[in-house]
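# Working through the structure, step by step
As a plain string of letters, each chain reads:
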Amino acid sequence: MSIDVRPLTGAALQAALPDLARLRIAVFAAWPYLYAGSEEYEQDYLAEFTACPDAVLVAALDGERIVGAATASPLIAQEDYIRAPFVTAGIDPAGVFYFGESVLLPEYRGQGIGHAFFDHREAAARAWGARQASFCAVVRPTDHPARPADYVPLDAFWGKRGYAPVSGLVGSFAWADHGEQEENLKPMQYWMRQL
């Protein structure tokens with residue numbers, strides 16, 4: 001199958017937000033996120049994330065259907081709970097481009113789309129003038145009862161892209177796992193690379 005991976009801007013970006021909201025819910029429902037989200041919350045979050053004029057949304061399209069997407073934006077445009085761990089660690093947010101989600105339906109994985117997502121976001125970061133790129137990933141205990149026996153973390157993939165976890169650079173995001181009645185804080189490990 002031939003998948004078109006390209007940045008969306010303007011009206012095309014806005015039109016893609018409902019599809020991206022549904023993708024986030026579908027992909028993040030699985031391990032390790034176990035996210036129980038709502039389309040309303042997702043659309044509000046994504047509208048806020050992409051409101052920054054320098055934000056980028058990279059879509060993977062199978063024909064007209066969006067089957068994956070990745071976002072990025074200057075860290076200085078992000079909410080305080082995302083920026084604060086960098087400030088605490090002595091890292092100037094003004095030089096960092098923050099990569100939000102990267103979501104792809106399982107049947108489209110292993111075709112190089114994840115690399116294309118990083119390529120496009122890193123190009124946007126360099127064009128903006130960022131010195132570093134960063135993203136974060138949830139930290140779950142290795143003995144968590146919902147962890148699939150065949151789960152392979154993405155650490156090796158990220159490492160090949162030049163990213164590494166930064167010791168002590170850990171934030172927290174709040175959401176409810178499936179089966180939880182209320183949101184609670186989850187630790188998020190930040191990964192970075194020089195551009």
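Above this text you will find the structure in question.
Structure report, in brief. (Residues numbered from 1 in each chain as written. Predicted model: local features only at pLDDT ≥ 70, side-chain atom pairs only at ≥ 80, totals over all residues. Heavy atoms only, no water.)

## Describing the pairing of strand β3 (residues 65-74)
The following threshold applies: Note on exposure labels: buried denotes an accessible area under 20% of the residue type's maximum, exposed denotes more than 50%, and partly exposed covers the range between, all computed with a 1.4 Å probe on protein chains only. Where helices and strands are cited, they refer to DSSP runs of H or I of at least four residues and of E of at least two residues respectively, numbered from the N terminus. In this analysis, strands are considered paired if DSSP registers two or more bridges between them.
Burial analysis of β3 places nine of its ten residues in the buried class, which makes it a mostly covered element. By the bridge criterion, seven bridges tie strand β2 (residues 56-62) to β3 in an arrangement that is antiparallel. Among the inter-strand pairings, Ala-60 is bridged to a residue of β3, identified as Gly-68. Counting the residues in the hairpin turn of β2 and β3 gives two residues, including Gly-63, whose phi is positive at 70°. Here six bridges tie β3 to strand β4 (residues 96-104), and the two strands are oriented antiparallel to one another. Looking at the pairing, Ser-73 lines up with Tyr-98 of β4.

## Examining the packing of aromatic side chains
Inclusion rule: Note on aromatic pairs: the rings of Phe, Tyr and Trp (six-membered ring only in Trp) are paired at centre separations within 6.5 Å, and the planes decide the class, stacked below 30 degrees, edge-to-face beyond 60, tilted for the rest.
One pass over the full model with this rule turns up 19 aromatic pairs. Ring geometry for Tyr-33 against Trp-175: centres 5.8 Å apart, planes inclined by 40°, an arrangement best described as tilted. Of this pair, Tyr-33 sits in the loop between α1 (10-28) and α2 (39-49) while Trp-175 is found in strand β6 (residues 164-175), placing the two residues 142 residues apart along the sequence. By the burial criterion, Tyr-33 is buried, and Trp-175 matches it. Consider the rings of Phe-49 and Tyr-98, whose centres lie 6.5 Å apart with planes at 50°: the pair is tilted. Of this pair, Phe-49 sits in helix α2 while Tyr-98 sits in strand β4, and the two are 49 residues apart along the sequence.

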